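# Structural overview
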Amino acid sequence: MESGGLRRVYDEVLAEVDAGGFGAPAEGELSAEQIVAHLAANDELLSEATEAVLAGSPFAYYDLETIHRPQLDALVSECGGLDALATLLRATSQKLCVLVERLGPAADTPVETHLSEGFDLDVDDSLPWGRTLDLHTRVHLPMHLTQLRVLRDGAARAPVAGS
(Lines give C-alpha, C1' and ligand atoms only; values in the text may rest on other atoms or scores of the structure.)
Protein backbone atom coordinates (compact mmCIF):
# COMPACT_ATOMS: atom_id res chain seq x y z
CA MET A 1 0.00 0.00 0.00
CA GLU A 2 1.35 3.38 -0.99
CA SER A 3 0.98 6.23 1.45
CA GLY A 4 1.64 9.07 -1.03
CA GLY A 5 -2.09 9.57 -1.65
CA LEU A 6 -2.76 9.46 2.08
CA ARG A 7 -0.07 12.07 2.74
CA ARG A 8 -1.46 14.31 -0.01
CA VAL A 9 -4.97 14.25 1.46
CA TYR A 10 -3.62 14.97 4.95
CA ASP A 11 -1.62 17.88 3.50
CA GLU A 12 -4.85 19.28 2.02
CA VAL A 13 -6.71 18.87 5.32
CA LEU A 14 -3.91 20.49 7.30
CA ALA A 15 -3.62 23.37 4.82
CA GLU A 16 -7.34 23.98 5.26
CA VAL A 17 -7.00 23.89 9.06
CA ASP A 18 -4.00 26.25 8.91
CA ALA A 19 -5.98 28.71 6.77
CA GLY A 20 -8.47 29.08 9.66
CA GLY A 21 -11.36 31.49 9.53
CA PHE A 22 -14.02 28.89 10.32
CA GLY A 23 -17.56 29.84 11.24
CA ALA A 24 -19.93 28.11 13.62
CA PRO A 25 -21.32 24.76 12.46
CA ALA A 26 -24.95 24.23 11.55
CA GLU A 27 -27.12 22.66 14.23
CA GLY A 28 -25.96 19.10 14.90
CA GLU A 29 -22.78 19.45 12.83
CA LEU A 30 -19.19 19.36 14.08
CA SER A 31 -17.08 22.48 14.61
CA ALA A 32 -13.67 22.77 12.94
CA GLU A 33 -12.05 21.90 16.30
CA GLN A 34 -14.26 18.82 16.67
CA ILE A 35 -13.48 17.69 13.11
CA VAL A 36 -9.73 17.93 13.73
CA ALA A 37 -10.10 16.17 17.10
CA HIS A 38 -12.12 13.42 15.38
CA LEU A 39 -9.45 12.93 12.72
CA ALA A 40 -6.62 12.81 15.28
CA ALA A 41 -8.50 10.31 17.48
CA ASN A 42 -9.36 8.23 14.42
CA ASP A 43 -5.71 8.29 13.30
CA GLU A 44 -4.76 6.76 16.63
CA LEU A 45 -7.28 3.94 16.09
CA LEU A 46 -6.05 3.37 12.53
CA SER A 47 -2.45 3.31 13.77
CA GLU A 48 -3.30 0.76 16.47
CA ALA A 49 -4.97 -1.46 13.90
CA THR A 50 -2.06 -1.05 11.46
CA GLU A 51 0.43 -1.96 14.20
CA ALA A 52 -1.63 -5.07 15.00
CA VAL A 53 -1.70 -6.06 11.31
CA LEU A 54 2.07 -5.59 11.08
CA ALA A 55 2.51 -7.74 14.21
CA GLY A 56 0.24 -10.45 12.82
CA SER A 57 -2.28 -9.99 15.64
CA PRO A 58 -6.02 -10.26 15.06
CA PHE A 59 -7.73 -6.91 15.33
CA ALA A 60 -11.12 -5.33 14.80
CA TYR A 61 -11.25 -1.69 13.76
CA TYR A 62 -14.15 0.41 14.97
CA ASP A 63 -14.43 3.95 13.77
CA LEU A 64 -16.05 5.83 16.61
CA GLU A 65 -18.81 7.03 14.28
CA THR A 66 -18.71 10.77 14.75
CA ILE A 67 -16.57 9.83 17.75
CA HIS A 68 -18.78 10.54 20.69
CA ARG A 69 -19.09 14.29 21.22
CA PRO A 70 -18.10 14.28 24.90
CA GLN A 71 -14.77 12.65 23.96
CA LEU A 72 -14.28 15.13 21.12
CA ASP A 73 -15.10 18.04 23.38
CA ALA A 74 -12.69 16.72 26.02
CA LEU A 75 -9.91 16.44 23.42
CA VAL A 76 -10.66 19.96 22.12
CA SER A 77 -10.56 21.28 25.69
CA GLU A 78 -7.36 19.36 26.50
CA CYS A 79 -5.59 20.73 23.42
CA GLY A 80 -6.85 24.26 24.00
CA GLY A 81 -7.70 25.26 20.46
CA LEU A 82 -7.32 24.70 16.77
CA ASP A 83 -3.54 25.34 16.60
CA ALA A 84 -2.76 22.63 19.16
CA LEU A 85 -5.26 20.28 17.52
CA ALA A 86 -3.54 20.85 14.17
CA THR A 87 -0.20 19.98 15.81
CA LEU A 88 -1.76 16.80 17.21
CA LEU A 89 -3.22 15.89 13.79
CA ARG A 90 0.19 16.45 12.17
CA ALA A 91 1.70 13.96 14.63
CA THR A 92 -1.05 11.34 14.38
CA SER A 93 -1.24 11.51 10.58
CA GLN A 94 2.55 11.30 10.26
CA LYS A 95 2.62 8.19 12.45
CA LEU A 96 -0.16 6.59 10.42
CA CYS A 97 1.56 7.36 7.10
CA VAL A 98 4.84 5.84 8.32
CA LEU A 99 3.02 2.68 9.45
CA VAL A 100 1.13 2.43 6.14
CA GLU A 101 4.45 2.64 4.26
CA ARG A 102 5.58 -0.49 6.15
CA LEU A 103 2.49 -2.58 5.34
CA GLY A 104 3.51 -4.17 2.05
CA PRO A 105 1.74 -7.55 1.59
CA ALA A 106 0.21 -7.24 5.08
CA ALA A 107 -2.22 -4.74 3.53
CA ASP A 108 -4.16 -7.81 2.32
CA THR A 109 -4.78 -8.95 5.92
CA PRO A 110 -8.52 -9.12 6.59
CA VAL A 111 -9.63 -6.93 9.49
CA GLU A 112 -13.14 -6.83 10.91
CA THR A 113 -14.08 -3.25 10.06
CA HIS A 114 -16.94 -1.16 11.40
CA LEU A 115 -17.22 2.32 9.89
CA SER A 116 -20.16 4.66 9.96
CA GLU A 117 -20.02 8.31 8.91
CA GLY A 118 -23.47 9.65 8.15
CA PHE A 119 -24.87 8.46 4.85
CA ASP A 120 -21.55 8.63 3.02
CA LEU A 121 -19.79 5.66 4.57
CA ASP A 122 -21.22 2.55 6.23
CA VAL A 123 -19.09 -0.60 6.46
CA ASP A 124 -19.65 -3.60 8.71
CA ASP A 125 -17.52 -6.33 7.19
CA SER A 126 -14.15 -8.02 7.12
CA LEU A 127 -12.03 -6.08 4.64
CA PRO A 128 -8.39 -6.25 3.60
CA TRP A 129 -6.74 -3.62 5.80
CA GLY A 130 -5.45 -1.78 2.74
CA ARG A 131 -9.06 -1.38 1.54
CA THR A 132 -10.08 0.21 4.85
CA LEU A 133 -7.12 2.60 4.59
CA ASP A 134 -8.15 3.36 1.01
CA LEU A 135 -11.68 4.25 2.22
CA HIS A 136 -10.11 6.53 4.80
CA THR A 137 -8.03 8.21 2.07
CA ARG A 138 -10.67 8.46 -0.65
CA VAL A 139 -13.90 8.95 1.34
CA HIS A 140 -13.40 9.76 5.03
CA LEU A 141 -10.70 12.45 4.85
CA PRO A 142 -12.21 14.23 1.80
CA MET A 143 -15.62 14.26 3.51
CA HIS A 144 -14.16 16.09 6.51
CA LEU A 145 -12.13 18.38 4.22
CA THR A 146 -15.42 19.39 2.61
CA GLN A 147 -16.94 20.03 6.04
CA LEU A 148 -14.03 22.34 6.89
CA ARG A 149 -14.46 24.23 3.62
CA VAL A 150 -18.19 24.64 4.28
CA LEU A 151 -17.41 26.05 7.73
CA ARG A 152 -15.08 28.62 6.15
CA ASP A 153 -17.56 29.47 3.38
CA GLY A 154 -20.28 29.91 6.01
CA ALA A 155 -18.05 32.27 7.98
CA ALA A 156 -17.39 34.31 4.84
CA ARG A 157 -21.14 34.72 4.25
CA ALA A 158 -22.10 35.34 7.87
CA PRO A 159 -23.52 38.81 8.51
CA VAL A 160 -21.26 41.16 10.45
CA ALA A 161 -22.71 42.28 13.78
CA GLY A 162 -23.98 45.83 13.69
CA SER A 163 -24.33 46.03 9.91
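Rules and cut-offs
- Residues numbered from 1 in each chain as written.
- Predicted model: local features only at pLDDT ≥ 70, side-chain atom pairs only at ≥ 80, totals over all residues.
- Heavy atoms only, no water.
- Helix = DSSP H or I, 4+ residues; strand = E, 2+ residues; numbered from the N terminus.
- Buried < 20%, exposed > 50% of the residue type's maximum accessible area, 1.4 Å probe, protein only.
- Contact = heavy atoms within 4.5 Å.
- Areas by Shrake-Rupley, 256 points an atom, 1.4 Å probe, with all protein chains shown as cover.
- pLDDT = per-residue confidence, 0-100.
- Salt bridge = Lys/Arg side-chain N within 4 Å of Asp/Glu carboxyl O.
- Core = buried A, V, L, I, M, F, W, Y, C linked by side-chain atoms within 4.5 Å.
- Arc of directions from axis to C-beta.

What follows concerns the overall build of the protein chain. The number of helices and strands found in the protein chain is five helices and three strands. Written out in order from the N terminus, the α and β elements of the protein chain read α-α-β-α-α-β-β-α. Taken over 163 residues, the protein chain has a buried fraction of 45%. Excluding contacts between residues fewer than 6 apart, the proportion of contacts in the protein chain whose partners are at least 24 apart in sequence is 74%. About 8,300 Å² of surface is accessible on the protein chain, with carbon and sulfur atoms providing 53% of the total.

Bringing the confidence of the model for the protein chain into the picture now. Averaged over every residue, the pLDDT of the protein chain is 87; residues scoring 70 or more account for 87%. At the low end of the mean pLDDT range in the protein chain sits strand E1 (residues 60–62), at 76; at the high end sits helix H4 (residues 82–102), at 96.

Take the pattern of salt bridges next. The tally for this structure, following the rule as stated, stands at eight salt bridges. Note that Glu101 and Arg7 form a salt bridge whose closest N and O atoms lie 2.9 Å from each other. Of this pair, Glu101 sits in helix H4 while Arg7 sits in helix H1 (residues 4–19); the two residues are 94 residues apart in sequence, bridging distant segments of the chain. For Glu101, a relative accessible area of 44% translates into the label partly exposed. Across the pair Glu16 and Arg152 runs a salt bridge, and its minimum N-O distance is 2.0 Å.

Its place among the elements puts Arg152 in helix H5 (residues 129–157). Separated by 128 residues in sequence, Arg152 and Ala24 place their C-alpha atoms 8.9 Å apart. Look past the residues within four positions of Arg152 in its chain and what remains in contact with it is Glu16, Ala19, Gly20, Gly21 and Phe22.

Here we come to the nonpolar core. Ranked by size, the top nonpolar core spans 44 residues in total, and within it Tyr61, Leu89 and Trp129 carry the most contacts. Every element with two or more residues in this core is listed here: H1, helix H2 (32–55), helix H3 (69–79), H4, strand E2 (110–117), strand E3 (121–128) and H5. Take this core: its biggest share by element is eleven residues, from H2. Discounting chain neighbours no more than four positions away, the residues touching Trp129 are Leu46, Ala49, Thr50, Val53, Tyr61, Leu103, Ala107, Thr109, Val111 and Thr113.

This brings us to H3. Of all the positions in H3, only Leu72, Leu75 and Val76 are classed as buried. All buried residues of H3 lie within an arc of 100 degrees about the axis, which places them on one face of the element. Opposite its buried face, H3 presents the exposed residues Pro70, Ser77 and Glu78, each directed more than 90 degrees away. On the buried face of H3, the contacting elements are H2 and H4. Where H3 terminates, the next one or two residues include Gly80, which has phi positive at roughly 85 degrees.

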